[in-house]
Amino acid sequence: MIKNEELEAILQTIDLRDDAPTDEPMRQYYFIKQARELVSAERAKLGRPLTADGETFGCQMNAKDSEKLIGILENIGFEMIDDESADLVFYNTCTVRDNANQRVYGRLGFVNQMKKKNPHKKIALCGCMMQEPSVIEKIQKSYKFVDLIFGTHNIYKFAELIVSMYNSNEMIIDIWEDTNKIVEDLPAERKYSFKSGVNIMYGCNNFCSYCIVPYVRGRERSRNPRDIIQEIEKLVTEGVVEVMLLGQNVNSYGKTLEEPMSFAQLLQEVEKIEGLQRIRFMTSHPKDLSDDLIQVMKHSRKICRHLHLPLQAGSTRILEAMNRRYTKEQYLALAHKIRREIPDIALTTDIIVGFPGETAADVDETIEVVREVQYDNAFTFLYSKRTGTPAATMPNPTGEDEIKANFDRLLKVVQETARSRVGRLTGQVQSALVEECNEHDSTLVSGRLSNNTIVHFPGDSSLIGKIVNVRLVESHGFYYMGEQVPDNIV
Ligand code: 5AD
Ligand code: SF4
């Protein structure tokens, strides 16, 4: 991220009569300047500001990417609105399961109707789904009204792509298969003033057999620790108190750096940042979770008491077919070790039901793990076949009805255990970061505990962004109702 004043100073020195520089990020600064001129010309033509809307699907990585895209749009003069009637709409897509793809096609049908009424309207598609050649073919054939398509590796080029889009009547497609490039120092807009995601690495090398992420997000590459620390320091000066370190597999952070560094070491450096109060991270692969990390978490004052540790399946046979590289016993031993070392930690997980060849007996093993680990929350997904992944060619003799019954059985246990886990803090006083006013009741605000559970309590918008003490009065399954207590009572 770059400070506004710094960017403005650089833009002053750029002469658009010169050719665009080839080095990044200078090239993008050049196109930011050019895009500003284009946007202001359009604005003069229409006699009103140009508006833009970003629709984001999928995970925290995509949410973070969208902040970068919105940062560029605002910087070049678009007014952001939360409405697909905008002059420019981008869809940042997800393809981890097929229903995410179907939702995007649905939105495209809808937005095409709007475009027919407003021919100036521009439609851009980006994100994971665009990294699949079959998707691009389909859009070229059946969604010809789309103006711009780009992927996950070149979002930093958005200003340049916008310039190309406004200068062309053809669909612009710019997809890179992979990259080892990390372009820093571009504008970004944050959704929240007090908390922020921070990318620490991109891509994934694990190739779990059901998962499309390694194909659409490319090989693992870590950001330089100095850039990460500087970014967080800057965020703190802007009022951020909580960061979420983001990576597909944060536990393998640092392996690709010239001077290798472990994730545990990175956390220790982040902990030293003055003014930063809370550190979260996502996602951990169980096979790479080190003892060092557990110790760093245990002794940290800032790392939140929450670990998301995807299980995916509880049967060793299925885990092997999934290429997860741990057994049921190894996972359980790890979970027990974490609970022993950090007793107040909340563990959450992801589970897939219906992987090819998974039987009711396999799901019984998953249920056993859920009962034993006692997750605070578990996200359960029906397996979705992703073309190009090894699992897509595996036969699945298990019928749909059986899969559905297995799913329902698991979900019931997940909900029961989560309910009893979450309720265990009732009566305690905990600190909560206030995130927003309650949507349904304006006399309440909603805060997040260190262990990631939500608490609603009486308060107003002046509390947003503050960490306050809250008594957890009543447990309601997945959240608490509480009351604020003055600092001096704790
Ligand atoms: N089908 C269903 N769920 C999947 N996930 C990843 N790939 C698939 C798939 N093909 C789930 C995993 C992962 C989460 C982000 O999405 O549980 O942890
Ligand atoms: Fe997909 Fe496995 Fe990588 Fe997670 S670790 S992104 S599930 S391949």
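Structure's up top.
In this text, all values refer to a predicted model and were calculated from it rather than measured experimentally.

K.L.:
It is not clear to me how the nonpolar core should be interpreted in this structure. Could you clarify?
P.N.:
Side chains of a nonpolar character, in soluble globular proteins, are inclined to be buried together. Ile232, Leu245, Phe263 and Phe281 are the most contacted members of the largest nonpolar core, which totals 69 residues. Sequence-distant contacts of Phe263, defined by excluding residues within four places in its chain, comprise Ile200, Leu245, Val250, Asn251, Tyr253, Phe281 and Leu293. In terms of nonpolar packing, the next biggest core, distinct from the first, is built from 34 residues, Tyr29, Tyr30, Ile155 and Ala159 among them.

K.L.:
Explain the packing of helix H10 (residues 291-299) against helix H12 (residues 328-341) to me, please; I cannot follow it from the model alone.
P.N.:
Think of two packed helices as two axes; the pair is described by the angle between the axes and how far apart they sit. Closest axis-to-axis distance for the H10/H12 pair is 10 Å, and the angle between their directions is 25°. In terms of orientation, H10 lies roughly parallel with respect to H12. The way H10 lies across H12 gives a crossing that is right-handed. In this structure, H10 contributes Asp291, Ile294, Gln295 and Lys298 to the contact, and H12 contributes Leu334, Lys337, Ile338 and Glu341.

K.L.:
Whenever I open this one, the site of ligand 1 confuses me. Can you help?
P.N.:
In the vicinity of ligand 1, the residues found are Val96, Arg97, Tyr210, Gln312, Asp350, Ile352, Phe381, Leu382, Tyr383, Ser384 and Arg386. At a separation of 2.7 Å, an oxygen atom of ligand 1 approaches a polar side-chain atom of Asp350. Within the complex, the protein chains bury 85% of what would otherwise be the 400 Å² of accessible surface of ligand 1. Elements supplying a minimum of two residues to the shell around ligand 1: strand E13 (346-353) and strand E14 (377-382). Its residues assigned to classes, the shell around ligand 1 shows 6 nonpolar, 2 polar and 3 charged.

K.L.:
Any chance you could explain the packing of helix H2 (residues 26-46) against helix H6 (residues 158-166) here in plain terms?
P.N.:
Where H2 meets H6, the axes come as close as 8 Å, and the angle between the chain directions of the two elements is 40°. Looking at the two axes, H2 sits oblique to H6. The crossing of H2 and H6 is left-handed. Together, Arg27, Gln28, Phe31, Ile32, Gln34, Ala35, Leu38 and Glu42 of H2 and Phe158, Ala159, Glu160, Val163 and Tyr166 of H6 make up the contact between the two elements. Counted by class, the contact of H2 with H6 contains 8 nonpolar, 2 polar and 3 charged residues.

K.L.:
Would you mind going over the site of ligand 2 with me for this structure?
P.N.:
If you check the shell around ligand 2, you find Cys204, Asn206, Phe207, Cys208, Tyr210, Cys211, Val213, Pro214, Gln248, His285 and Arg324 and nothing else. In the shell around ligand 2, the residues fall into 7 nonpolar, 3 polar and 1 charged.

K.L.:
Is there a simple way to explain the environment of Asp19 in this structure?
P.N.:
For Asp19, the position within the fold is in the loop between helix H1 (4-13) and H2. Using a relative accessible area of 70% as the deciding quantity, one classes Asp19 as exposed.

K.L.:
Hey, could you run me through helix H14 (residues 400-422) in this one?
P.N.:
In this model H14 runs 32 Å from its N-terminal to its C-terminal C-alpha over 23 residues, within 8% of the 33 Å that 1.5 Å per residue would give. Residues of H14 that are buried sit in contact with H12, E13, helix H13 (360-373), E14 and strand E19 (479-485).

Rules and cut-offs
- Residues numbered from 1 in each chain as written.
- Chains lettered and ligands numbered in written order.
- Predicted model: local features only at pLDDT ≥ 70, side-chain atom pairs only at ≥ 80, totals over all residues.
- Heavy atoms only, no water.
- Core = buried A, V, L, I, M, F, W, Y, C linked by side-chain atoms within 4.5 Å.
- Buried < 20%, exposed > 50% of the residue type's maximum accessible area, 1.4 Å probe, protein only.
- Contact = heavy atoms within 4.5 Å.
- Axes fitted to C-alpha atoms, helices over the stretch in contact; angles between N-to-C directions.
- Helix = DSSP H or I, 4+ residues; strand = E, 2+ residues; numbered from the N terminus.
- Parallel < 35°, antiparallel > 145°, perpendicular 65-115°, else oblique.
- Left-handed = near helix turned anticlockwise from the far one by under 90°.
- Near = heavy atom within 4 Å.
- Polar contact = N/O pair within 3.5 Å; in protein donor to acceptor, adjacent residues only side chain to side chain.
- Areas by Shrake-Rupley, 256 points an atom, 1.4 Å probe, with all protein chains shown as cover.
- Nonpolar A, V, L, I, M, F, W, Y, C, P; charged D, E, K, R; others polar.
- Expected span 1.5 Å × (residues − 1).

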